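Read off the chains here:
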Amino acid sequence: MDGRDNTESRAAIGGHPLHPMLVPFPIAFLSTALLTDIAFWLTQDFFWARASLWLVGAGFVAGSAAATAGILDFMALAGARNSRAGHIHAAGNTLVLMLAFVSWLVRLQDVGGAVLPWGLSLSVLTVLILMVTGWMGGEMVYRRGVGVAGGGRPPPG
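Residues numbered from 1 in each chain as written. Predicted model: local features only at pLDDT ≥ 70, side-chain atom pairs only at ≥ 80, totals over all residues. Heavy atoms only, no water.

Quick look at unusual backbone geometry
Inclusion rule: Helical segments are the DSSP runs of H or I of at least four residues, strand segments are the runs of E of at least two, and each set is numbered from the N terminus.
The peptide bond linking Leu116 to Pro117 adopts the cis configuration, its omega dihedral lying at 0°. The residue Pro117 is located in helix H6 (residues 115-144) in this model.

So, in structure tokens, the structure goes:
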């Protein structure tokens, strides 16, 4: 054992966990894609369909980076592996990445035509799953101290 608490993130730089630094990007990109899909639906302005294509692609790429750090922590931390919240978080975010990839491929084939109904439907489903997985991630971090240096306890002294 390396002397670190069993809850401390293994994917970290200078003690700062990478996963929580990376997750805001895919969440922002994929959530905003829902908004641009809705904007396209309401306006039929092709700008919004192109914006959705780029946002979904960026969400997939950024989500893959966040997932890499998350997988390292999930495999290394018993607090994540042994919790229902950890499994829901991991499985749900895997599904989000799969949906984002499918959505991106569909949009690449027909940028405007892909938004309705499939792009919008995939965006709604993706955001709903992100809400659940974000809650589960919060459960692990804020209630159990998983991924937090010192297990979320203040330093002694």
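Moving on, there is more to tell.
Regarding the side chain of Ser123
Going by this rule: Throughout this description, a polar contact denotes any pair of N or O atoms lying within 3.5 Å of each other; where both atoms belong to protein, one of them has to be capable of donating a hydrogen while the other can accept it, and for residues adjacent in sequence the pair is counted only when both atoms sit in side chains.
For Ser123, the position within the fold is in helix H6. Separated by 2.6 Å, the side chains of Ser123 and Asp37 make a polar contact.

Some details on a nonpolar patch on the surface
To keep it simple, the criterion reads: Within the patch definition used here, like charges are joined within 9 Å and nonpolar side chains (Val, Leu, Ile, Met, Phe, Trp, Tyr) within 5 Å, considering only residues with over 30% relative accessible area and no salt bridge. Values of accessible area rely on a 1.4 Å probe in the Shrake-Rupley scheme; residue burial ignores everything except the protein chains shown. Counted as salt bridges are all cases of a side-chain nitrogen of Lys or Arg within 4 Å of a carboxyl oxygen of Asp or Glu. Each residue gets one of three labels from its accessible area relative to the maximum for its type: buried under 20%, exposed over 50%, partly exposed in between, using a 1.4 Å probe on protein chains only.
A surface patch of nonpolar side chains, amounting to about 330 Å² of accessible area, comprises Trp41, Leu42 and Leu116. By secondary structure assignment, the location of Leu42 is in helix H2 (residues 24-43). Classification of Leu42 as exposed rests on a relative accessible area of 66%.

As for the packing of helix H3 (residues 46-76) against helix H5 (residues 84-109)
The criterion, for reference: Each axis is a line fitted through C-alpha atoms, and for a helix only the stretch in contact is used; angles between axes span 0 to 180 degrees, taken between their N-to-C directions. With respect to orientation, any angle under 35 degrees is reported as roughly parallel, any angle over 145 as roughly antiparallel, any angle of 65 to 115 as roughly perpendicular, and every other angle as oblique. Here a crossing is called left-handed whenever its near helix is offset anticlockwise from the far helix by less than a right angle, and right-handed whenever the offset is clockwise. The contact criterion used is simple: two residues touch if any of their non-hydrogen atoms lie within 4.5 Å. Polarity classes work like this: nonpolar for Ala, Val, Leu, Ile, Met, Phe, Trp, Tyr, Cys and Pro, charged for Asp, Glu, Lys and Arg, and polar for all others, with Gly in that last group.
Contact pair H3 / H5: the axes reach a minimum separation of 9 Å and the direction vectors enclose 150°. Accordingly, the angle class assigned to the pair H3 and H5 is roughly antiparallel. Crossing geometry of H3 relative to H5 is assigned as left-handed. Across the interface between the two elements, Ser52, Leu53, Val56, Gly57, Phe60, Val61, Gly63, Ser64, Ala67 and Phe74 from H3 touch Gly86, His87, Ala90, Leu97, Ala100, Phe101, Ser103, Trp104, Arg107 and Leu108 from H5. Counted by class, the contact of H3 with H5 contains twelve nonpolar, seven polar and one charged residues.

Shape descriptors only; they carry no functional weight alone.
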